[in-house]
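Spelled out from the first residue to the last, the chains are:
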Amino acid sequence: MRDRHTIGSRLISIIIEFHKSGATDTITLKEKFNVSERTIHRDLNRLDPMITKTSRGMYCLTTPVQNVLDEIIPTKP
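What counts, and at which threshold
Residues numbered from 1 in each chain as written. Predicted model: local features only at pLDDT ≥ 70, side-chain atom pairs only at ≥ 80, totals over all residues. Heavy atoms only, no water. Salt bridge = Lys/Arg side-chain N within 4 Å of Asp/Glu carboxyl O. Helix = DSSP H or I, 4+ residues; strand = E, 2+ residues; numbered from the N terminus. Buried < 20%, exposed > 50% of the residue type's maximum accessible area, 1.4 Å probe, protein only. Pairing = 2+ DSSP bridges.

J.: Could you give me a rundown of the pattern of salt bridges, with the residues and numbers involved?
T.: In total, this model carries three salt bridges according to the counting rule given. We note a salt bridge from Arg10 to Asp43, for which the minimum N-O separation is 2.4 Å. One end of the pair, Arg10, is in helix H1 (residues 2-21); the other, Asp43, is in helix H3 (residues 37-46), with 33 residues separating them in the sequence. Side by side, Arg10 and Asp43 carry an identical accessibility label, which is buried. The salt bridge partner of Arg46 is Asp43, with a shortest N-O separation of 3.1 Å. Taken together, the positions of Arg46 and Asp43, both in helix H3 and three residues apart, correspond to about one turn of that helix.

Right, here's the structure in full:
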């Protein structure tokens, strides 16, 4: 159960990171969450319906997801 909790927490944290930063690459995520690049790719696959890959090889939230989060999570105080 601990493993599921860790994965779930990391997935939520990745979504929040995308919301705050706009777009992020796998190396930044790997370093931030102290996991392997393969783990980050698995996480991104889990989030696939909610994220998209940019032309520069970075990942970001899809526009509908970003819009919903903008309504419920303020990015600036």
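J.: How would you summarise the sheet that holds strand S3 (residues 59-61) if you had to cite specific residues and measurements?
T.: In spatial order, the strands read S1-S3-S2; together these three strands make up an open sheet with antiparallel pairing. Taken across any chain shown, the strands that pair with only one partner, and hence form the sheet edges, are strand S1 (23-24) and strand S2 (51-53). Across two bridges, S1 lies against S3 in antiparallel orientation. What sits directly across from Thr24, in S3, is Tyr59.

J.: Could you give an account of the environment of Pro49, with specific residues and numbers?
T.: Tracing the sequence through the fold places Pro49 in the loop between H3 and S2. Separated by 13 residues in sequence, Pro49 and Thr62 have C-alpha atoms that sit 8.2 Å apart.

This is a description of form; function is not addressed.
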